[in-house]
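Structural description and commentary
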Amino acid sequence: VICSGLMDTEARGEAASAVIAHVISQALQKKAHGDASEYNIVLKELSHADIKDVSLRRWLVGLKGCTTFLGKGCEDLVGITLDLDWIHKDDQFVEDYIEYLSSLVSGNAVFLSPCIRKLISLMKPKTQQDPDLKLVFQRVHQTLHRMLELAPGGLHIVQKTVQELFPYKGKDSFVLDCYVMNLLQLLDYAPSLNPLILELTVTKLIEIDTELPKQSEHQLSDDEDVSEEEDEQPQFQVEIVSW
């Protein structure tokens, strides 16, 4: 009875996803012919703050079947999906999301850049208090690796994006630590980026070190306990983040 119930639930889920795929397909076709009314309804549904995960999953599965219809003019729809907090969902949701992104970049290369940019931005945590930070980074690399397998040309986008998104001066050191460690992990599946990543990291850390406020001569003269050797050491050091 339990197995039967689960099968019924899965069947209903698949049927719902098929219906949603049809709705999205119709909306995209009408939009292409100048009628964006149904397309706007799709945007509203996906943007709804109270949408349940189970419903959101069905929308993603439905979208996966329509990615070949997505192109220029659908940046707002794709943008909504990229901004979803998928990274903290359950494993099945994450799997469906990765499948959606895979289908998206396979069907239309124009969305490869925003997908990669979003993934790399997730290498910079918003807070140290996230208990799932290790899992978050694992999922980011799992997804980015998949993107690069599907579109090896995406390495050029990664190369540009990691430089653009490198934490700016004054950013929390924890964010910097996480970003650098993620860049090093990126080399596990993108070894050709090794020279760039190492040079970028060293250059940026030197820049940050030289921009840090220096102690005034008066403060140095008052601090008799500071040895000459300590004075010569860089003020900034990267702390190895363990997750």
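These figures come from a predicted structure and were not determined experimentally.

The rules behind each value
Residues numbered from 1 in each chain as written. Predicted model: local features only at pLDDT ≥ 70, side-chain atom pairs only at ≥ 80, totals over all residues. Heavy atoms only, no water. Helix = DSSP H or I, 4+ residues; strand = E, 2+ residues; numbered from the N terminus. Buried < 20%, exposed > 50% of the residue type's maximum accessible area, 1.4 Å probe, protein only. Contact = heavy atoms within 4.5 Å. Areas by Shrake-Rupley, 256 points an atom, 1.4 Å probe, with all protein chains shown as cover. Core = buried A, V, L, I, M, F, W, Y, C linked by side-chain atoms within 4.5 Å. Axes fitted to C-alpha atoms, helices over the stretch in contact; angles between N-to-C directions. Parallel < 35°, antiparallel > 145°, perpendicular 65-115°, else oblique. Left-handed = near helix turned anticlockwise from the far one by under 90°. Nonpolar A, V, L, I, M, F, W, Y, C, P; charged D, E, K, R; others polar. Expected span 1.5 Å × (residues − 1). Arc of directions from axis to C-beta. Salt bridge = Lys/Arg side-chain N within 4 Å of Asp/Glu carboxyl O.

Moving on: the overall build of the chain. The helix and strand inventory of the chain stands at 12 helices and zero strands. Put simply, the chain runs from its N terminus to its C terminus through helices and strands in the order α-α-α-α-α-α-α-α-α-α-α-α. The buried share among the 243 residues of the chain stands at 38%. For the chain, restricting intrachain contacts to residue pairs at least 6 apart in sequence, the fraction spanning at least 24 positions comes to 71%. With the model as given, the accessible surface of the chain reaches about 14,200 Å², and the carbon-plus-sulfur share is 52%.

For the rest of this paragraph, the subject is the nonpolar core. If you look at the biggest cluster of nonpolar residues, it comprises 66 residues, and the most contacted ones within it are Leu-77, Ile-120, Leu-144, Val-158, Val-162, Leu-183 and Leu-186. Looking at which element gives the most residues to this core, the answer is helix α5 (residues 91–107), with eight residues. In this structure Val-162 touches Ile-120, Tyr-179, Leu-183, Leu-186, Leu-196, Ile-197 and Leu-200, once residues within four positions along its chain are discounted.

This part is about the packing of helix α8 (residues 154–164) against helix α9 (residues 173–186). For the pair α8 and α9, the least separation of the axes is 12 Å and the interaxial angle reads 165 degrees. Taken together, the axes of α8 and α9 are roughly antiparallel relative to one another. As for how α8 packs across α9, the hand of that crossing is left-handed. Of α9, the residues touching α8 (which contributes Val-158, Thr-161 and Val-162) are Tyr-179, Leu-183 and Leu-186. Per-class residue counts for the contact of α8 with α9 are five nonpolar, one polar and no charged.

This part takes up helix α3 (residues 53–64). Between its first and last C-alpha, α3 extends 16 Å over 12 residues, near the 16 Å set by a 1.5 Å rise per residue. Three or more residues of α3 are buried, namely Leu-56, Trp-59, Leu-60, Gly-62 and Leu-63. One face of α3 carries all of its buried residues, which in axial projection span an arc of 160 degrees.

As enumerated under the stated definition, the model contains 10 salt bridges in all. Salt-bridge contacts for Asp-53 lead to Lys-89; the nearest nitrogen and oxygen are separated by 2.9 Å. Taken as a pair, Asp-53 in helix α3 and Lys-89 in the loop between α4 (75–82) and α5 lie far apart in primary sequence, 36 residues in all. Judged by relative accessible area, which is 22%, Lys-89 ranks as partly exposed. The salt bridge partner of Arg-139 is Asp-91, with a shortest N-O separation of 2.8 Å. Placement of Arg-139 in helix α7 (residues 133–150) and of Asp-91 in helix α5 is noted, with a sequence separation of 48 residues between them. Judged by relative accessible area, which is 5%, Arg-139 ranks as buried. Taking relative accessible area as the criterion, Asp-91 reaches 59% and is therefore assigned exposed. Among the charged side chains, a salt-bridge network with shared partners connects Lys-64, Glu-99 and Arg-146.

Another aspect to go through is the packing of α3 against α5. The interhelical angle for the contact between α3 and α5, taken along N-to-C directions, is 25 degrees, at an axis separation of 9 Å. Considering their axes alone, α3 and α5 lie roughly parallel with respect to each other. Helix-helix and strand crossings are classified by hand; for α3 and α5 the assignment is left-handed. Facing α3, whose interface residues are Asp-53, Leu-56, Arg-57, Leu-60, Val-61, Leu-63 and Lys-64, α5 presents Gln-92, Phe-93, Asp-96, Tyr-97, Glu-99, Tyr-100 and Ser-103. Grouping the amino acids of the contact of α3 with α5 by side-chain chemistry returns seven nonpolar, two polar and five charged.

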